[in-house]
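Listed here are the chains, written in short residue letters.
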Amino acid sequence: MDESIYTEKLQSNLTTGLFVVLALVFLALFGWRVTTVGWKFTPVLFLFLGVFFLFYVFNYRTLQIQVSQEVLSLKFGLVRWRTELKNIQEFNLDDPPLWIKYGGAGVHFAMVMGIYRAFFNFLEGPRILISFKEKQGPVQALSFSTRQPELILELLERWISV
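**Q** Quick question: what am I supposed to make of the overall build of the protein here?
**A** Helix and strand content of the protein: four helices and nine strands. In the protein, the succession of α and β elements from N to C terminus is β-α-α-β-β-β-β-α-β-β-β-β-α. In terms of overall dimensions, the protein has a C-alpha envelope of 65 × 30 × 30 Å along the principal axes. The 162 residues of the protein split such that 43% are buried. Put simply, of all contacts in the protein between residues at least 6 apart along the chain, 57% involve residues at least 24 apart. Carbon and sulfur atoms form 61% of the exposed surface of the protein, whose accessible area is close to 9200 Å².

**Q** Sorry if this is basic, but what is going on with the nonpolar core here?
**A** A general feature of soluble globular proteins is that nonpolar side chains tend to end up buried together. The biggest cluster of nonpolar side chains holds 39 residues, and the ones touching the most others in it are I65, L72, L74, F120, I130, L142 and F144. Counting residues per element, this core draws most heavily on helix α1 (residues 13–37), at five residues. The contacts of I65, once residues within four sequence positions are left out, are Y6, T7, E8, L10, L72, S73, L74, F144, S145, T146 and I152.

**Q** Is there a simple way to explain the sheet that holds strand β5 (residues 88–93) in this structure?
**A** Each strand in a sheet pairs with its neighbour through backbone hydrogen bonds, running either in the same direction (parallel) or in the opposite one (antiparallel). The mixed open sheet is built from five strands, whose spatial order is β5-β8-β9-β7-β6. Either end of the sheet is taken by a strand with one partner, and the two such strands are β5 and β6 (106–112). Strand after strand, the sheet turns through a mean of 20 degrees between neighbouring axes, direction not considered. Bridging between strand β8 (residues 127–136) and strand β9 (residues 139–145) involves six bridges; their strand directions are antiparallel. Looking at the pairing, I130 lines up with L142 of β9.

**Q** Hey, could you run me through unusual backbone geometry in this one?
**A** Leaving glycine aside, a negative phi is the common case for residues, and trans is the common case for peptide bonds. With a phi close to 50 degrees, M113 is a non-glycine residue in the positive phi region. Relative to the helices and strands, M113 resides in the loop between β6 and β7 (115–121). A relative accessible area of 70% places M113 in the exposed class.

**Q** I'm lost on the sheet that holds strand β4 (residues 79–84) in this one. Help?
**A** Sheet architecture is open: four strands sit in the order β1-β2-β3-β4, paired in antiparallel fashion. Both edges of this open sheet fall to β1 (4–11) and β4, since each of them pairs with a single strand only. The sheet shows a mean angle of 10 degrees between the axes of neighbouring strands, direction not considered. Against the sheet, helix α4 (residues 149–159) makes contact with β1 and β2 (62–68), and its axis sits at roughly 155 degrees relative to β1, the strand it touches most.

**Q** Sorry, what's going on with the pattern of salt bridges here?
**A** Two side chains carrying opposite charge are able to pair once their charged atoms lie near each other. The full count for this structure, using the stated rule, is four salt bridges. For R158, the salt bridge is made with E154, and the minimal N-O distance between the two is 3.0 Å. Placement of the pair is R158 and E154 together in helix α4, with a separation of four residues, close to one helical turn.

**Q** Where do I start with the confidence of the model for the protein in this structure?
**A** Low-pLDDT portions of the prediction should not be read for the details of their coordinates. The pLDDT averaged across the protein works out to 90; a share of 98% of its residues lies at or above 70. Within the protein, β9 carries the highest mean pLDDT (95), whereas helix α3 (residues 98–101) carries the lowest (75).

Conventions used here
Residues numbered from 1 in each chain as written. Predicted model: local features only at pLDDT ≥ 70, side-chain atom pairs only at ≥ 80, totals over all residues. Heavy atoms only, no water. Helix = DSSP H or I, 4+ residues; strand = E, 2+ residues; numbered from the N terminus. Buried < 20%, exposed > 50% of the residue type's maximum accessible area, 1.4 Å probe, protein only. Contact = heavy atoms within 4.5 Å. Areas by Shrake-Rupley, 256 points an atom, 1.4 Å probe, with all protein chains shown as cover. Core = buried A, V, L, I, M, F, W, Y, C linked by side-chain atoms within 4.5 Å. Pairing = 2+ DSSP bridges. Axes fitted to C-alpha atoms, helices over the stretch in contact; angles between N-to-C directions. Salt bridge = Lys/Arg side-chain N within 4 Å of Asp/Glu carboxyl O. pLDDT = per-residue confidence, 0-100.

This is how it looks when you write it as structure tokens:
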């Protein structure tokens, strides 16, 4: 494996806080419903959602970015993404629509302006958008949060052969 030319670890108290609140709300709703109606569909649904967001609290706490001379790697808990630099067609700052910008954090996928994107992001902060020469599965582009978008864009410019 080639040597890293850039590494970054990001955390977001806002995003983690949102996931903690959602986990607590659904777990409290589970506790209330299971004591009043027993093990019916609604309490089980609330338990599932509470555990789901509890998983998010831990899994999407830290985003790790690594750029080498050949590969861009992202790791968000158990989820990893790896793109060879030679497969990157374009890259720039991402300014997604508001429903995308504030509509999700962690890892998610969405169609934006006819392009199927993968997102590795927090609720706040700048993002970089990378489009691929060849799709990675169904994904045509990748957007991810970073504290230093200008530096990453500069490194990509330097290491991607045009």
